[in-house]
Amino acid sequence: MKALVRIEGLTVTLGGREVLRDVSFEIRPGEIVTVIGPNGSGKTTLLRALIGAVRPKAGHIRRAPGLRIGYVPQRLQLDATMPLTVARFLSLPVRHGAREIAAMLARVGIPGLEARQIAELSGGQFQRALLARALLANPRLLILDEPTQALDQPGIAGFYRLIEDIRREIGCAVLMVSHDLHVVMASSDRVICLNTHVCCEGTPAAVLEAPQYRALFGDGTGGLMALYRHHHDHSHDEVTGREGETDAR
Amino acid sequence: MLDDFMLRAFLAGIAVALAAGPLGCFVLWRRMAYFGDATAHAAILGVALALWFSISVLAGVLFTSLLMALLVSALTRKGHGIDAALGVLSHAALAIGVVAISFLPGVRLDLQAFLFGDILAIAPRDLALIWAGALLVTLLLAWRRQSLLTATVSEDLAFASGLDPRREQLILALTLALVVAISLKLVGALLISAMLIIPAAAARPLARNPESMALAALLIALLAVAGGLGAANWFDTPAGPGIVTAATILFTLTHLRTALRGIRGPKS
């Protein structure tokens, strides 16, 4: 099958500083690709370039014709003067029926929150509401920017399990940025290690062995494979979205 | 009883409320208060221009306000740290406009009417233009509301949905200039942005969704217009300040419950 998105030689500068340099990769239907990298390595800029919010200085981003993208931003600061229920938020910019919204909220683990104000949600509930909104677009590519910042360890594991399940159900590709190395390694088909340019790319196991990865993240990650395998058979059910999470910052 | 000029003032006030209520919500949500000020102050420059070139005041105001709105939009795009530039633009437009009017030969102009509004100022032919402008603003906002709201919640969410938030910003700049042009005679340049912000802020505690807040702001603006023009009729108060005072009273009333809850201490 053809790639959903093909990035060729992407270079982006912000305020005169080169944030991305000659980045090339592609995303194929149905795969989970994770971008890792240190702070300031251009991860968020890469995702924003993909949705068209940042203009490339050089290079191309080719999307498959008619590609539907579901986007879950890193954070969203809603002005306190704006009243907004969860149901209304899920109907922006495309309106959806009440039944469809209810079913999607239940699917992402926050059933019955339609009438709740966005500002009253906990960090984990809000993250799931953002995911529900993205999924209502029936995306072929789901893009998530550090989706688990507001969650604690069991919450993080639960969220990634949800992403894996959804990928299996609707067959969308997933591109995400994450700091949660050990959990991410378990659920990704492919990992891209970014530090302005692409340092290395491949299966989680291959990237972990790559000298470029070790140079970036140090030797402290040696036991990582064992660690994530341990995490993976450790199951929490946190469907309500209340337990196992910290409040939003 | 209402005189003809009073009836015209009321009809103009209804039109202004219709447009300013919903647009004021966007001004509040997007923190565009400074934006409203600059656009409204530019109106005085437009008055000067209109008198210099003997064109209609409405056309002159629409021109300068639109220019200012586009300029401020472009500056805002450049990012943070533009407060100084905005402050200079906003007050320079006002000051230069007033100075320019004072230089006009042979014009005896009641400047106060343009700064604070005048119920006597609205001529029969103004009324049709005011209503046309107000309806245009309201319909434009209603028609574009899905994309305007998405871009207001998050520019990145708008981009990802294939919308261009810059286009939505442009629409708001255009509607803002229109509202300034149609409310100048009644409310006055100095208080137009208060007419946008206060009814919307008063509506906030009453609403759970953007649409209900826009509707509540519209109704509160209508009440404020009725109160302010009533005071102008019976107590001979200036139109703009009267309307804004009425709006402030309504703001206080709708926020009373929140304030009382704050005094009693937080409760679920």
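Residues numbered from 1 in each chain as written. Chains lettered and ligands numbered in written order. Predicted model: local features only at pLDDT ≥ 70, side-chain atom pairs only at ≥ 80, totals over all residues.

Thoughts on the overall build of chain A
Moving on, step 1. Within chain A, the secondary structure is distributed over nine helices and nine strands.
Moving on, step 2. The proportion of buried residues among the 249 residues of chain A is 43%.
Moving on, step 3. Within chain A, contacts between residues at least 6 apart in sequence are counted, and of these 72% link residues at least 24 apart. (Helix = DSSP H or I, 4+ residues; strand = E, 2+ residues; numbered from the N terminus. Buried ≥ 20, exposed ≤ 12 C-beta atoms within 10 Å, placed from the backbone. Contact = placed C-beta atoms within 7 Å.)

Thoughts on the domain arrangement of chain A
Often the size quoted for an interface is simply the accessible area lost on bringing the parts together.
Residues and elements named next belong to chain A.
Moving on, step 1. The domain architecture assigned to chain A consists of domain 1 (1-68 + 141-188 + 197-236) and domain 2 (79-138).
Moving on, step 2. Distance between the C-alpha centres of domain 1 and domain 2: 25 Å.
Moving on, step 3. With nine residues of domain 1 at the interface, the matching set in domain 2 holds nine residues.
Moving on, step 4. Within the side of domain 1 that touches domain 2, the residues separate by chemical class into seven nonpolar, one polar and one charged. (Domains from an automatic or database assignment. Nonpolar A, V, L, I, M, F, W, Y, C, P; charged D, E, K, R; others polar.)

Notes on the environment of Leu130 of chain A
Residue and element names in this part refer to chain A.
Moving on, step 1. Topologically, Leu130 is positioned in helix H4 (residues 123-136).
Moving on, step 2. Residues Leu130 and Val23, 107 residues apart in the sequence, show an inter-C-alpha distance of 28 Å.
Moving on, step 3. Excluding residues that lie within four positions of it along the chain, Leu130 makes contacts with Val72 and Leu76.

So, the interface of chain B and chain A
Moving on, step 1. Tallying the contact residues gives 22 residues for chain B and 19 residues for chain A.
Moving on, step 2. Listing elements by their share of the side of chain B that touches chain A, those giving two or more residues are helix H1 (4-29), helix H7 (145-153), helix H8 (155-160) and helix H11 (210-235) of chain B.
Moving on, step 3. Partitioned by chemical class, the residues of the side of chain B that touches chain A number eleven nonpolar, six polar and five charged.

Section: the sheet that holds strand S5 (residues 69-72) of chain A
Residue and element names in this part refer to chain A.
Moving on, step 1. Spatially, six strands are ordered S5-S6-S7-S3-S8-S9 in an open sheet, and the strand pairing comes out mixed. Every other strand in the sheet has two partners, leaving S5 and strand S9 (197-202) as the edge strands with one partner each. Geometrically, the sheet is characterised by an average inter-axis angle of 15 degrees between neighbouring strands, direction not taken into account.
Moving on, step 2. Sheet analysis places strand S3 (residues 32-36) next to strand S7 (residues 173-177), joined by four bridges and oriented parallel. Bridge pairing in S7 links Val35 to Val177.
Moving on, step 3. Sheet strands in contact with H4 are S5 and strand S6 (141-145), and its direction is about 170 degrees off that of S5. (Pairing = 2+ DSSP bridges. Axes fitted to C-alpha atoms, helices over the stretch in contact; angles between N-to-C directions.)

Regarding helix H10 (residues 192-203) of chain B
Residue and element names in this part refer to chain B.
Moving on, step 1. Taking 1.5 Å as the rise per residue, H10 with twelve residues should run 16 Å; its terminal C-alpha atoms sit 17 Å apart, in good agreement.
Moving on, step 2. Here H10 lies mainly inside the structure; twelve of its twelve residues are buried.
Moving on, step 3. For H10, the set of buried residues is Ile192, Ser193, Ala194, Met195, Leu196, Ile197, Ile198, Pro199, Ala200, Ala201, Ala202 and Ala203. (Expected span 1.5 Å × (residues − 1).)

Focus on the environment of Ala48 of chain B
All names here are of chain B.
Moving on, step 1. Mapped onto the elements, Ala48 comes out in helix H2 (residues 33-52).
Moving on, step 2. Residue classification places Ala48 among the buried positions, given that 24 C-beta atoms sit within 10 Å.
Moving on, step 3. When residues no more than four places from it in sequence are discounted, the contact partners of Ala48 are Gly97, Ala100 and Ile101.

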